[in-house]
Protein chains: 4
Amino acid sequence: MRSSLARVSRQLSSRQLSTKVGFVGLGAMGRHMAANIAASGTPTTVWDMSGDAVDFAVGKGCAGAADAAGAVAGADVVFTSLPRSVDVEALADALVAAGALPKNCVWVDTTSGVPDVSQRIYAKVADACGAKFLDCGVAGGPKGAEAGALAAMVGGDADALETASPVMAHVMGKVVHVGPSGAGHAVKSVNNTLLAAHIWVAYEGLLTLAKLGVPMETALAAINAASGRSLVTEERIPNHVLSREFDFGFALDLMRKDIGITMDTLDAIDMPAPALRVVNEMFCMGEAKLGPKAEHMEVVKVLEDMCGAQIKKAD
Amino acid sequence: MRSSLARVSRQLSSRQLSTKVGFVGLGAMGRHMAANIAASGTPTTVWDMSGDAVDFAVGKGCAGAADAAGAVAGADVVFTSLPRSVDVEALADALVAAGALPKNCVWVDTTSGVPDVSQRIYAKVADACGAKFLDCGVAGGPKGAEAGALAAMVGGDADALETASPVMAHVMGKVVHVGPSGAGHAVKSVNNTLLAAHIWVAYEGLLTLAKLGVPMETALAAINAASGRSLVTEERIPNHVLSREFDFGFALDLMRKDIGITMDTLDAIDMPAPALRVVNEMFCMGEAKLGPKAEHMEVVKVLEDMCGAQIKKAD
Amino acid sequence: MRSSLARVSRQLSSRQLSTKVGFVGLGAMGRHMAANIAASGTPTTVWDMSGDAVDFAVGKGCAGAADAAGAVAGADVVFTSLPRSVDVEALADALVAAGALPKNCVWVDTTSGVPDVSQRIYAKVADACGAKFLDCGVAGGPKGAEAGALAAMVGGDADALETASPVMAHVMGKVVHVGPSGAGHAVKSVNNTLLAAHIWVAYEGLLTLAKLGVPMETALAAINAASGRSLVTEERIPNHVLSREFDFGFALDLMRKDIGITMDTLDAIDMPAPALRVVNEMFCMGEAKLGPKAEHMEVVKVLEDMCGAQIKKAD
Amino acid sequence: MRSSLARVSRQLSSRQLSTKVGFVGLGAMGRHMAANIAASGTPTTVWDMSGDAVDFAVGKGCAGAADAAGAVAGADVVFTSLPRSVDVEALADALVAAGALPKNCVWVDTTSGVPDVSQRIYAKVADACGAKFLDCGVAGGPKGAEAGALAAMVGGDADALETASPVMAHVMGKVVHVGPSGAGHAVKSVNNTLLAAHIWVAYEGLLTLAKLGVPMETALAAINAASGRSLVTEERIPNHVLSREFDFGFALDLMRKDIGITMDTLDAIDMPAPALRVVNEMFCMGEAKLGPKAEHMEVVKVLEDMCGAQIKKAD
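Note that this is a predicted model, so its numbers are computed, not measured. (Residues numbered from 1 in each chain as written. Chains lettered and ligands numbered in written order. Predicted model: local features only at pLDDT ≥ 70, side-chain atom pairs only at ≥ 80, totals over all residues. Heavy atoms only, no water.)

**Structural notes on the interface of chain A and chain B**
Thought 1: Counting from both sides, the interface comprises 58 residues of chain A and, opposite them, 58 residues of chain B.
Thought 2: Roughly 4900 Å² is buried in total at the junction of chain A and chain B, and carbon and sulfur atoms are behind 74% of that figure.
Thought 3: In terms of surface lost to chain B, no three residues of chain A exceed Ser 227, Arg 229 and Met 271 of chain A, which account for 12% of the buried area on that side.
Thought 4: Connecting chain A to chain B are 4 salt bridges. (Contact = heavy atoms within 4.5 Å. Buried area = accessible area lost by both parts, 1.4 Å probe. Salt bridge = Lys/Arg side-chain N within 4 Å of Asp/Glu carboxyl O.)

**Remarks on the packing of helix H9 (residues 183-211) of chain A against helix H10 (residues 216-224) of chain A**
All names here are of chain A.
Thought 1: The interhelical angle for the contact between H9 and H10, taken along N-to-C directions, is 130 degrees, at an axis separation of 10 Å. As judged from the angle between their axes, H9 and H10 are oblique. Of the two elements, H9 crosses H10, and the hand of that crossing is right-handed. Here H9 contributes Leu 206, Leu 209 and Ala 210 to the contact with H10, which in turn contributes Met 216, Ala 219, Leu 220 and Ile 223.
Thought 2: Within the contact of H9 with H10, the residues separate by chemical class into 7 nonpolar, no polar and no charged. (Axes fitted to C-alpha atoms, helices over the stretch in contact; angles between N-to-C directions. Helix = DSSP H or I, 4+ residues; strand = E, 2+ residues; numbered from the N terminus. Parallel < 35°, antiparallel > 145°, perpendicular 65-115°, else oblique. Left-handed = near helix turned anticlockwise from the far one by under 90°. Nonpolar A, V, L, I, M, F, W, Y, C, P; charged D, E, K, R; others polar.)

**Details of the pairing of strand S4 (residues 77-80) of chain B**
Residue and element names in this part refer to chain B.
Thought 1: Burial of the side chains of S4 extends over both faces: Val 77 and Phe 79 are buried on one face and Val 78 and Thr 80 on the other.
Thought 2: The sheet contact formed by strand S1 (residues 21-24) and S4 spans 4 bridges and is parallel. Bridging from a neighbouring strand, Gly 22 pairs with Val 78 of S4.
Thought 3: In the sheet, S4 pairs with strand S5 (residues 106-109) via 4 bridges, with the strands oriented parallel. For Val 77, the partnering residue across the bridge sits in S5 and is Val 106. (Buried < 20%, exposed > 50% of the residue type's maximum accessible area, 1.4 Å probe, protein only. Pairing = 2+ DSSP bridges.)

**What about the sheet that holds S5 of chain B?**
Residue and element names in this part refer to chain B.
Thought 1: Taken together, 8 strands build an open sheet; the order of strands is S3-S2-S1-S4-S5-S6-S7-S8 and the sheet is mixed. Sheet topology places strand S3 (63-64) and strand S8 (172-179) at the edges, where each strand pairs with a single neighbour.
Thought 2: Where S1 lies against strand S2 (residues 44-47), 4 bridges are found, and the strand directions are parallel. Bridging across to S2, Gly 22 finds its partner in Thr 45.
Thought 3: Those strands touched by helix H2 (residues 30-39) are S1, S2, S4 and strand S7 (150-155), and its axis lies near 165 degrees from that of S1.
Thought 4: Across the sheet, helix H5 (residues 85-97) lies against S1, S4, S5 and strand S6 (132-139), angled at about 160 degrees from S5, the strand it touches most.

**Digging into the UniProt feature "domain: 6-phosphogluconate dehydrogenase NADP-binding" (unreviewed entry) in chain A**
Thought 1: Under the UniProt annotation, "domain: 6-phosphogluconate dehydrogenase NADP-binding" (unreviewed entry) lies at residues 20-179 of chain A.
Thought 2: Along residues 20-179 of chain A one finds 43% helix and 25% strand; the C-alpha atoms at either end are 26 Å apart. (UniProt positions renumbered as here; feature names shortened; annotations may be inferred.)

**Things to note about the relation of the copies chain A and chain B**
Thought 1: When chain A is brought onto chain B, the operation consists of a screw motion whose angular component is 179 degrees and whose axial shift is 0.0 Å, with 0.2 Å RMSD remaining. Here the transformation between the copies is reduced to the relation of a two-fold axis. If distances are taken from each C-alpha of chain A to the rotation axis, the shortest is found for Ser 230 of chain A, at 1.9 Å.
Thought 2: Comparing contact sets, 100% of the residues at the interface of chain A also lie at the interface in chain B, consistent with an isologous, same-surface contact. (Least-squares fit on C-alpha atoms with pLDDT ≥ 70 in both.)

**A closer look at the packing of H9 of chain A against helix H9 (residues 183-211) of chain B**
Thought 1: At a closest axis distance of 10 Å, the pairing of H9 of chain A and H9 of chain B adopts a crossing angle of 165 degrees. Our classification of the angle between H9 of chain A and H9 of chain B gives roughly antiparallel. Handedness of the H9 of chain A/H9 of chain B crossing: right-handed. Taken together, the residues of H9 of chain B that come into contact with H9 of chain A (itself represented by Ala 186, Val 187, Val 190, Leu 194, Ala 197, His 198, Val 201, Ala 202, Gly 205 and Leu 209 of chain A) are Ala 186, Val 187, Val 190, Leu 194, Ala 197, His 198, Val 201, Ala 202, Gly 205 and Leu 209 of chain B.
Thought 2: When grouped by side-chain class, the residues that make up the contact of H9 of chain A with H9 of chain B number 16 nonpolar, 4 polar and no charged.

**What to know about the UniProt feature "active site" (unreviewed entry) in chain A**
All names here are of chain A.
Thought 1: The sites that carry the UniProt feature "active site" (unreviewed entry) are, in the present numbering, Lys 188.
Thought 2: By relative accessible area, which is 5% here, Lys 188 ends up buried.
Thought 3: Excluding residues within four positions of it along the chain, Lys 188 makes contact with Ser 112, Gly 137, Val 138, Met 153 and Asp 258.

**Topic: the pattern of salt bridges**
Thought 1: A full pass over the atoms with the stated rule returns 68 salt bridges over all chains.
Thought 2: Residues Glu 89 of chain A and Lys 124 of chain A are paired through a salt bridge, measuring 2.9 Å at the closest nitrogen-oxygen approach. Of the two residues, Glu 89 of chain A sits in helix H5 (residues 85-97) while Lys 124 of chain A sits in helix H6 (residues 115-129), which places them 35 residues apart along the sequence.
Thought 3: On the basis of relative accessibility, which here comes to 31%, the residue Lys 124 of chain A falls in the partly exposed class.
Thought 4: In this structure, the salt-bridge partner of Asp 270 of chain C is Arg 256 of chain B, at a minimum N-O distance of 2.9 Å. Of the two residues, Asp 270 of chain C is situated in the loop between helix H12 (252-269) and helix H13 (274-290) and Arg 256 of chain B in helix H12 (residues 252-269); the pairing between them involves two chains.
Thought 5: A relative accessible area of 37% means that Asp 270 of chain C is categorised as partly exposed.
Thought 6: Bridged by salt links that share partners, the residues Arg 229, Glu 234 and Glu 235 of chain A together with Arg 229, Glu 234 and Glu 235 of chain B form one connected network.

**What about the sheet that holds strand S8 (residues 172-179) of chain C?**
Thought 1: Read from one edge to the other, the open sheet built from 8 strands follows the order S3-S2-S1-S4-S5-S6-S7-S8 (chain C), with strand pairing classed as mixed. Only two strands of the sheet have a single neighbouring strand rather than two, namely strand S3 (63-64) and S8 of chain C.
Thought 2: As paired strands, strand S5 (residues 106-109) of chain C and strand S6 (residues 132-139) of chain C are joined by 4 bridges and run parallel to one another. Each residue of the ladder has a partner; that of Trp 107 of chain C, found in S6 of chain C, is Phe 133 of chain C.
Thought 3: Packed on one face of the sheet, helix H6 (residues 115-129) of chain C meets S5 and S6 of chain C and runs near 150 degrees to S6 of chain C.
Thought 4: Along the sheet, helix H10 (residues 216-224) of chain D makes contact with strand S7 (150-155) and S8 of chain C, crossing S8 of chain C at roughly 155 degrees.

**Looking at the interface of chain D and chain C**
Thought 1: At the junction of the two partners, chain D supplies 58 residues and chain C supplies 59 residues.
Thought 2: Together chain D and chain C conceal approximately 5000 Å² of surface at their shared face, both sides included; 74% is due to carbon and sulfur atoms.
Thought 3: When residues of chain D are sorted by the area they lose upon contact with chain C, Ser 227, Arg 229 and Met 271 of chain D head the list and together hold 12% of the total.
Thought 4: Between chain D and chain C we count 4 salt bridges in total.
Thought 5: Its salt-bridge partner being Arg 229 of chain D, residue Glu 235 of chain C comes within 2.9 Å of it at the nearest N-O pair.
Thought 6: The interface formed by chain D and chain C includes 16 residue pairs in polar contact (both at pLDDT 80 or more).
Thought 7: Broken down by secondary-structure element, the contributors of at least two residues to the side of chain D that touches chain C are strand S7 (150-155), strand S8 (172-179), helix H9 (183-211), H10, helix H11 (231-241), helix H12 (252-269), helix H13 (274-290) and helix H14 (300-307) of chain D. (Polar contact = N/O pair within 3.5 Å; in protein donor to acceptor, adjacent residues only side chain to side chain.)

Here's what the structure looks like:
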């Protein structure tokens, strides 16, 4: 009995040790994910268009490859973290055309992607070489990526997720399997659109109270002890807006990209959503005024500019 | 040292025992608050237009009075829980005219009131007999009232709140002093408007996912592990909507009243708030379709009716 | 036969000549209305808080009075053109208290008024002395007033309107009896809210085309030859915006006042109106940015500021 | 001098007689356009997937072809009236591949098309055979098509439009050249989105007045004499809604398609347009409730259902 358990344990251990990871896309999120996987002792080969990004990852223990095909060669689990779903699809097309995608590998795409493009990639790579594509929406930002504490929402096959889970555990604190292919990116974009909505309605409500002379800390304390609370009133505003530092680290154009995926989804399924549409318009105005690289929480300035009050610590 | 502590304790105890409470308005909220105060051993005299309501409170240990003046006679702390601020103002006018409001009493008004009416009452009763009016927004619903676990947001004088706090502690789990007269009702109405906004945007987002085939429990689990979470996604929808029971116990017209107070406040201070205005319209449509006494969470049916999906447990 | 016609003509002429008018409120609109009535040969006695305003009217042939009671003394038809309905009600209360309102006179109130306040005044003055109050919404602005070409929407009794019509004809090109007391002000405020909505949606649509490089004159010509046309695309934008003169002469705060009356009416009758609410928010933002005395058409600048295009003549 | 004029006239006449037209797409609009062109004596060869549609056109004097290539063979001016821009692009691709598109012909596309797809077709057919593609948005509905009184907004080259103008004159009462390729469809979709906005805001405003007891005919008369007027208040509602016949003949899904083109354009150029977005949501709700083939004016029923009033003739 004991020896049997020990054998299984040895097998599991050797399986995990033998897992090889290929990682393509080393931006603000990807570089930290790759570094954390390598830090766990898992062999991790990386590629990015930017040589500096590759150097960063190599400095954290990854192996550098000359191109994307080199990064994924022989990998059991492939990770991608790219700007857009069309970039992931282009990569998939190129790897398939070159026969470079490992047979039966699991592909974890952490790009903030578009549900129907992900469904298309899922079918293409399964057809080409039995690869299993998981659309994996992640939340938590660069800090969550660095801390290995991202929250993941995964669409695709359950057995593929089971295979990738031990590696994913090095970068993700929570992993939820939310449904079939496409569901991961859909839930991610809806989650971020709800976040955007909670940010904007909190701004409207709090600035109303600010104009009435209510101190912001006490308003937030009351709301957080009552029913109007959200992650925004509990964390984002107290930690990143009251100080006027706007130092969360998530750019407005990336937030708008996630909202935009939800808007496209609404269009595609003829779903009425008047409140989320208005939130989209407000962030659209925000980017028009503040530029794409403003911090996402800075949209408050559009409204502050119109009402003469501010969300800040009491003097 | 010990005897000194014992003496202070005795004093505190006798002070609390000697506090007399008058309570006017024994509706779904008021009756439980009065019962909890009486249950603490505090002498509590009550009145309501409805004899049944008075009977309920008497059954819980309160003393019944023949009229409002009788209920407040000799009280140190007066509580009101009435439909609207104008009812509280009418009561204040009548008690002042009759000289029935006890000198220097503290008046805790738990009505979902209107900031500027509360400010007017504050000034009137201070002028008439030195009474101190606290506008005390409460959150938590009838269940919170019954459990003595309401969250209170109080506007008015800090010393008056200190005086009333020991009695308030019997019905309120959290009490936050949010600012001068009017601020309690303002924060309450904004809190409830944020709640309404969180409800509606969650409905828009979740029904989008439901149309895409994502199970509601997994969507909620993912969102609650990520950044889109609110009290609504963590408690209201899992506990009261997924089951299709809609059994929270807060009627749509009462919710709309709170939102309406915020809308009036926006008008009064010329504050732009496009997203909260749209939320108001959606609840207005909800009441038009479902009637005033529908449960507030039932507004989801307006949207479900338009998209052919439902927020419910997976089959 | 001929002598009979001549007799009727003499009677009509003498009836009209014998009509005496009292006019209170000589602002940008009132002064021109009073001047046009006096210019018709009708004896017109006026009063305003501003001596300059009275001097203007006297210069146009009116008689000046020392106070409002003096202006209406002996009048068959009383006109008012005041800032708000509450001012009209205060005047009515004062005249009634002083017994200064002529028995059975007809009172034409051209103030941009509130329907339910007008209904209250209607009842008060009928009770006091049989006076007939007409709530008379007018459109056309100061230029329309000066040209005697205002459009009037009148609520109240048909026979009273018939009595006042010959005098009203000197300042109004079109008079429509729209319903019972209150209907005139209601239709006026809804009309102006539709105008505001047409302005704002035209701005959104035209700036979209401007960003695509379509010349504004041709876009307007096409729309005006098709189904998207309104008074705004046919007159306001071609005549007052393309030139960037913004010279129509209707201030933003007055426009917002009319919209506000509609918003209050929506509140009062629980009417959902999501699009008109959003228009209200946009004009609220406009006043916040541009100030109350900006021209109403200048709200375009809020949107231009966000999209980098302008509605102007092609270079 | 006289003989010279006669010669020019003969030349013009012979040029017009010699113009040959090919027409593809004989739906509710196309069949009437083709019939009117044939009725002018211009040789017109037609094709449609539906044999019934071809029979109708042949009955009106057109010649039937066996396929699209047959319809356009030898044509100087090609007309299309297809469901969507992608259908036009597929036709263009097929004709180009088959070498069936006449050299240097002018192609007038009256489809409610998408600006950037039209720009793509413009380039493709110019490259292939020097054909000149005009994107020609038309307004007026089937009745306008039948009466030969459509309003056209044309994007593309001015000289191509000049060539096609004599033929277009047989079906279009007004033709406006609005800009380069794409501009015609852009102006058309914005025009129809403004129409939709005017419809919806008129419904919100008029139902408010209906709830107050104002007769609809008098409300419309007043608004049409004042500044709130649009084509909707002057024609659509009086002629097609007051009677409750909803007999204009433009289906809700077609209206939504035009609005959708504008929404896509807003997305593409990052243009904030909060009011038009809300209008889109209201029509989205309308189609969800009434189905795609409801008349576009019937969206009023969504709002009537929520407010208990109706826009109809007084009893």
